[in-house]
Amino acid sequence: MTAAAAPLTGQQVDHYPSRINPEPSVARRHDPVTYADPTGTLPRPLDAEAVGHFDRAGYLAIAGLFREDEARAHLDELARLAARDDVRTDARTILEADDQEIRSVFEVHAVSERFDSLLRDPRLVDAARQLLGGEVYIHQSRVNLKPALRGKDFFWHSDFETWHVEDGMPRMRALSFSIALTENNEFNGPLMVIPGSHHWYVACVGKTPERHYEQSLRRQEYGVPDRESLRELVERGGIDAPKGPAGSVVLFDCNMMHASGVNLSPYPRSNVFAVYNSVENALVAPFGVEDPRPSYIAAREPVPIA
Ligand code: 6CS
Ligand code: FE
């Protein structure tokens, strides 16, 4: 099944139509997963095996990318932020749908200097540059909180689908790091990925309401794949849930199908989510809504990281 590229307003061609057709569809991705560095000068922190795995599977689990004491310092900073009244009422802070708990704080690199340094850390940025073949900028950052015994879930989705439809990210040339600030174990709602799913684009059903993000960041309703497509992807690739101590990182492609469950354990789970996009893939007008989401959710200035 292939979805034909539909011409849009302006000159932008929609290579990944979604939330347009009444039926869902699964089509091959049109873009590479990894990009060569045309200058041959970028640092290459990942070896050939790691790059090959990322290409094939769409993700890489890197245990110990950060030391546990570094993760602890970031967790302390997160606790300080979450306790601040001005942070709680900030537009960038998203509360849970059915209680007053903080679910996420977006653009956390603008809220906190400590998180700003983390987002600019060469351990992240050099790997992103290597895989994306050139300069990158911060497309999105957020912290997610899943407190013990009550943290909520994120249903299966491809981030790219939302970034394309609601933010205007034209092509697949972005990736995300999920940095564990607490241990990730099988009980506290760890990130689950479908290996190989990044090779496929699942077009979703349902027209996006304007200002959809006000709901979707609490509980996503549009831009979620249908059950049959999910079943197909899992039949092909299975499911993985990388575990590891605080400081572990999961690096994954922008079109990776992923989810995470509720936290029914007494172990809290927090992570930082850092997204880098190629400067050559800057946002254009959104492909599925009138107004783009605020820049604290999707940066519109592709300022390369120094
Ligand atoms: O809407 C977004 O941009 C995002 N939502 C989810 C559930 N994951 C990634 C991204 O932060
Ligand atoms: Fe996501």
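Our structure's up above, just so we're on the same page.
Residues numbered from 1 in each chain as written. Chains lettered and ligands numbered in written order. Predicted model: local features only at pLDDT ≥ 70, side-chain atom pairs only at ≥ 80, totals over all residues. Heavy atoms only, no water.

Engineer: Would you mind going over helix α7 (residues 159-167) in detail, with residue names and values included?
Structural biologist: Along an α-helix, residues three or four positions apart point the same way, because every turn accommodates 3.6 residues. Within α7, nine of the nine residues are buried, which leaves the element mostly enclosed by the surrounding structure. Of all the residues in α7, the buried ones are Asp 159, Phe 160, Glu 161, Thr 162, Trp 163, His 164, Val 165, Glu 166 and Asp 167. Of the residues that open α7, the one with a side-chain oxygen 3.3 Å from the backbone nitrogen of Phe 160 is Ser 158. Once α7 ends, the next one or two residues include Gly 168, with phi positive near 85°. (Buried < 20%, exposed > 50% of the residue type's maximum accessible area, 1.4 Å probe, protein only. Helix = DSSP H or I, 4+ residues; strand = E, 2+ residues; numbered from the N terminus. Polar contact = N/O pair within 3.5 Å; in protein donor to acceptor, adjacent residues only side chain to side chain.)

Engineer: Now, about the side chain of Ser 278: what can you tell me, with residues and values included?
Structural biologist: Mapped onto the secondary structure, Ser 278 falls in strand β14 (residues 269-278). Take Ser 278: its relative accessible area is 1%, and that puts it in the buried class.

Engineer: If you had to explain the packing of aromatic side chains to someone new, which residues and values would you point to?
Structural biologist: Throughout the structure, instances matching the rule amount to five aromatic pairs. A centroid spacing of 5.2 Å and a plane angle of 80° characterise the contact between Tyr 16 and Phe 160, whose relative ring orientation is edge-to-face. Of the two residues, Tyr 16 sits in the loop between β2 (13-14) and β3 (25-28) while Phe 160 sits in helix α7, which places them 144 residues apart along the sequence. Summarising the burial analysis for this pair, Tyr 16 and Phe 160 share the class buried. Ring centres of Phe 177 and Tyr 276 lie 5.8 Å apart, and the angle between their planes is 80°; on these two criteria the pair is classed as edge-to-face. With Phe 177 in strand β9 (residues 174-180) and Tyr 276 in strand β14, this pair connects stretches of sequence that are 99 residues apart. Looking at Tyr 276, the relative accessible area reads 0%, which means it is buried. (Phe/Tyr/Trp six-rings, centres within 6.5 Å; stacked < 30°, edge-to-face > 60°.)

Engineer: Outline the site of ligand 1, listing residues and values.
Structural biologist: Surrounding ligand 1, one finds Gln 140, Arg 142, Phe 154, His 157, Asp 159, Thr 162, Trp 163, Leu 217, Gln 220, Phe 273 and Arg 293. Within the side chain of Arg 142, a nitrogen or oxygen atom sits 2.4 Å from an oxygen atom of ligand 1. Calculation on ligand 1 without its partners gives an accessible area of 300 Å², and the protein chains cover 93% of this total. When contributions to the shell around ligand 1 are tallied by element, the ones reaching two or more residues are β7 (136-146), β8 (154-158) and α7. (Near = heavy atom within 4 Å. Areas by Shrake-Rupley, 256 points an atom, 1.4 Å probe, with all protein chains shown as cover.)

Engineer: I'd love a proper account of the coordination of the iron ion (ligand 2), names of residues and values included.
Structural biologist: Think of it this way: four donors in a tetrahedron around the metal ideally sit 109.5 degrees apart, and six in an octahedron ideally sit 90 or 180 degrees apart. Around the iron ion (ligand 2), the protein contributes the donor atoms His 157 (NE2), Asp 159 (OD) and His 258 (NE2), which lie 2.1 to 2.2 Å from the metal centre. For the iron ion (ligand 2), the four donor atoms are set out with angles of 84 to 178° between them, so the coordination reads as irregular. Donor residues binding the iron ion (ligand 2) come from one chain and are separated in sequence as H-x1-D-x98-H. Taken together, the residues Asp 159 in helix α7 and His 258 in strand β13 (residues 257-260) connect sequence positions 99 residues apart. In this structure Asp 159 comes out as buried when scored by relative accessible area, which is 7%. (Donors = N, O, S within 2.8 Å, 3.2 Å for Na, K, Ca; no water. Tetrahedral: all angles 85-135°; square planar, octahedral: opposite > 155°, others 65-115°.)

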